[in-house]
Amino acid sequence: MNFVASQTLPDPAVAVAPATAADARSLQDWLMRMHEAAKNRSYVGTFVVSSGGNMSSAKIWHVCEGAQQAERVDILSGTPRSIFRHNDRVVTLLPEHKLARSEKRESLGLFSGLFETADSRIGDFYNISRVGSGRIAGVEADILLLSPRDRLRFGYRVWTERKNGLVVKLQTLNTDGRVLEQAAFSELQLDAPVSMDKLVQSMGQLEGYRVEKPLLIKTTASAEGWLLKTPVAGFNSMSCYRRPVAGAAQAGAAPLQWVFSDGLASVSIFIEPLDRQRHTQESSLSLGATQTMTRQLDAYWITLVGEVPMTTLRLFSSALERRK
């Protein structure tokens, strides 16, 4: 596939189609359509991500049977890794180390942070327009532009399969409309005959592997003594977990992860006790659409990660406060 890292809006390669019934769909209609397609379609495909000058790919098998969902993702670039999911249970296999990690996660599937909900408040912060049509991996698709109403979030250009709405390509656009990151299928077989039973059986075949089961303790930021003194427009608290570390002397030493979302973009705040040997210098880093910054706050080390402009991370950072 031809990845263009410096595309600008409007994209001259996008064919603008005559107005259709699809043009009349609201933001809520489109998001619900994508959300339902991600839950209900079965497929097999090769998925390619281009970000920050790097490219990676994966082979994906995804199946839905009623309320049951399962998938297998084989990472084809870099260190070999296979990820199996059955509903909220996830098993990650690292064959070079004979290591398996088994845990529970709340989201499942591609673009798990995006289009996960059709929250009506999304329309307060994004506009949507149908800007054309195209073909991705042999699939006819509508092309949508999700434009932010402020500079606290990125925009998205989305290709959705015309018949059912499955997302087949996604570009994340910076505040000037340039492509920061692209994810797309290079090949895709819809309604593929994927066996739910075989996928579930495969994720249980761990003979010869050392199995780790990372523990997540659900909590609230308030209960842990943290708050945002000033909310960041559009972003709502979604979850908060402690991640106990082996050898930690007390529960308060376990890193805390606090997750926010505006319905499309997400931000995670990680909080851990300051370790002066490891935490030596505050920093900020951009890689594709992902921004990261670190800072010291009293006796704690704060790491913020999100698919948002750095300005937004700074707002979260300055608003974070330890309750007295």
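**Q** Explanation requested: the overall build of the protein chain in the structure shown.
**A** Within the protein chain one finds three helices and 21 strands. For the protein chain, with 324 residues in total, the buried portion stands at 47%. The contacts of the protein chain with a sequence gap of at least 6 include a subset with a gap of at least 24, amounting to 53%. Accessible area of the protein chain: about 16200 Å², with a carbon and sulfur share of 49%.

**Q** What exactly am I supposed to notice about helix α1 (residues 27-40) here?
**A** For an α-helix, 3.6 residues make a turn, and residues three or four places apart therefore share a direction. Its 14 residues give α1 an end-to-end C-alpha distance of 20 Å, which sits within 8% of 20 Å, the value for a rise of 1.5 Å per residue. Residues of α1 that are buried include every one of Leu27, Trp30, Leu31, Arg33, Met34, His35 and Ala37, and no others. Those residues of α1 hidden inside the fold are in contact with β7 (126-136), β8 (139-148), β9 (155-161) and β10 (167-173).

**Q** Would you explain the side chain of Arg157 in this entry?
**A** For Arg157, the position within the fold is in strand β9. A polar contact is formed between the side chain of Arg157 and the side chain of Gln171, at a distance of 2.3 Å.

**Q** I tried to follow the sheet that holds β7 on my own but got confused; where do I start?
**A** Note on sheets: strands pair through backbone hydrogen bonds, and any given pair is parallel or antiparallel. Read across the open sheet, the twelve strands follow the order β7-β8-β9-β10-β11-β1-β2-β3-β4-β5-β6-β12; overall the sheet is mixed. With one partner strand each, in any of the chains shown, β7 and β12 (210-212) form the two edges of the open sheet. Across the sheet, the axes of successive neighbouring strands diverge by a mean angle of 15°, strand direction being ignored. Inspection of the sheet shows β8 paired to β9 by six bridges, in the antiparallel sense. Directly across from Leu146, in β9, lies its bridge partner Tyr156. Sheet strands in contact with α1 are β2 (54-65), β3 (68-75), β7, β8, β9 and β10, and its direction is about 55° off that of β9. Here helix α2 (residues 196-203) sits on the sheet and contacts β2, β3, β4 (81-86) and β5 (89-94); the angle it forms with β4, its principal contact strand, is near 120°.

**Q** I would appreciate a short explanation of the pairing of strand β18 (residues 283-287) in the present structure.
**A** Side-chain direction in a regular strand flips from residue to residue, so the side chains alternate between the two faces of the sheet. Where β18 meets strand β19 (residues 290-297), five bridges bridge the pair, whose relative direction is antiparallel. Across the sheet, the residue bridging to Leu287 is Thr290, located in β19. The hairpin turn running from β18 into β19, its antiparallel successor, is two residues long, and Gly288 in that turn takes a positive phi close to 65°.

**Q** When you look at the sheet that holds strand β15 (residues 236-242) in this model, what are you seeing that I'm missing?
**A** The seven strands lie next to each other as β13-β15-β16-β17-β20-β19-β18, forming an open sheet whose pairing is antiparallel. Two strands lie at the open edges of the sheet, namely β13 (217-218) and β18, each paired on one side alone. Contacts from helix α3 (residues 310-319) reach β16 (256-261), β17 (266-273), β18, β19 and β20 (300-306) within the one sheet, and its direction differs from that of β19 by about 25°.

**Q** Even after reading the chapter, I still don't get the nonpolar core, so can you show me in this structure?
**A** It is characteristic of soluble globular proteins that their nonpolar side chains tend to be buried jointly. Core analysis: the biggest nonpolar cluster contains 37 residues, and Trp226, Trp258, Ile269, Phe316 and Leu320 have the highest contact counts within it. Ranked by size, the runner-up nonpolar core spans 19 residues in total, among them Val73, Ile75, Ile143 and Trp159.

**Q** Can you walk me through the pattern of salt bridges in this structure?
**A** Taken as a whole and assessed by the stated rule, the structure comprises 17 salt bridges. Where Glu140 meets Arg135, a salt bridge forms, and the shortest distance between an N and an O atom there is 3.2 Å. Residue Glu140 is classed as partly exposed on the basis of its relative accessible area, which comes to 38%. On the basis of relative accessibility, which here comes to 55%, the residue Arg135 falls in the exposed class.

**Q** In this structure, what is going on with the packing of aromatic side chains? I would like to understand it.
**A** Aromatic rings considered in pairs are described by the distance between their centres and by the relative angle of their planes. Enumeration according to the criterion identifies seven aromatic pairs in this entry. The interplanar angle of 80° and the centroid separation of 5.6 Å between the aromatic rings of Phe235 and Phe316 together place this pair among those described as edge-to-face. Remark: Phe316 occurs in helix α3 and Phe235 occurs in the loop between β14 (226-228) and β15; sequence separation between them is 81 residues. Taken individually, Phe235 and Phe316 each receive the classification buried, so the pair is uniform in this respect.

**Q** When you look at unusual backbone geometry in this model, what are you seeing that I'm missing?
**A** Residues other than glycine predominantly adopt negative phi, and peptide bonds predominantly adopt the trans conformation. Even without glycine at this site, Asn87 takes up a positive phi of about 55°. Following the sequence through the fold, Asn87 ends up in the loop between β4 and β5. Look at Asn87 and you get partly exposed, because its relative accessible area is 26%. The phi torsion at Ala137 lies on the positive side, around 55°, for a residue other than glycine. Tracing the chain through its elements places Ala137 in the loop between β7 and β8.

Cut-offs used in this document
Residues numbered from 1 in each chain as written. Predicted model: local features only at pLDDT ≥ 70, side-chain atom pairs only at ≥ 80, totals over all residues. Heavy atoms only, no water. Helix = DSSP H or I, 4+ residues; strand = E, 2+ residues; numbered from the N terminus. Buried < 20%, exposed > 50% of the residue type's maximum accessible area, 1.4 Å probe, protein only. Contact = heavy atoms within 4.5 Å. Areas by Shrake-Rupley, 256 points an atom, 1.4 Å probe, with all protein chains shown as cover. Expected span 1.5 Å × (residues − 1). Polar contact = N/O pair within 3.5 Å; in protein donor to acceptor, adjacent residues only side chain to side chain. Pairing = 2+ DSSP bridges. Axes fitted to C-alpha atoms, helices over the stretch in contact; angles between N-to-C directions. Core = buried A, V, L, I, M, F, W, Y, C linked by side-chain atoms within 4.5 Å. Salt bridge = Lys/Arg side-chain N within 4 Å of Asp/Glu carboxyl O. Phe/Tyr/Trp six-rings, centres within 6.5 Å; stacked < 30°, edge-to-face > 60°.

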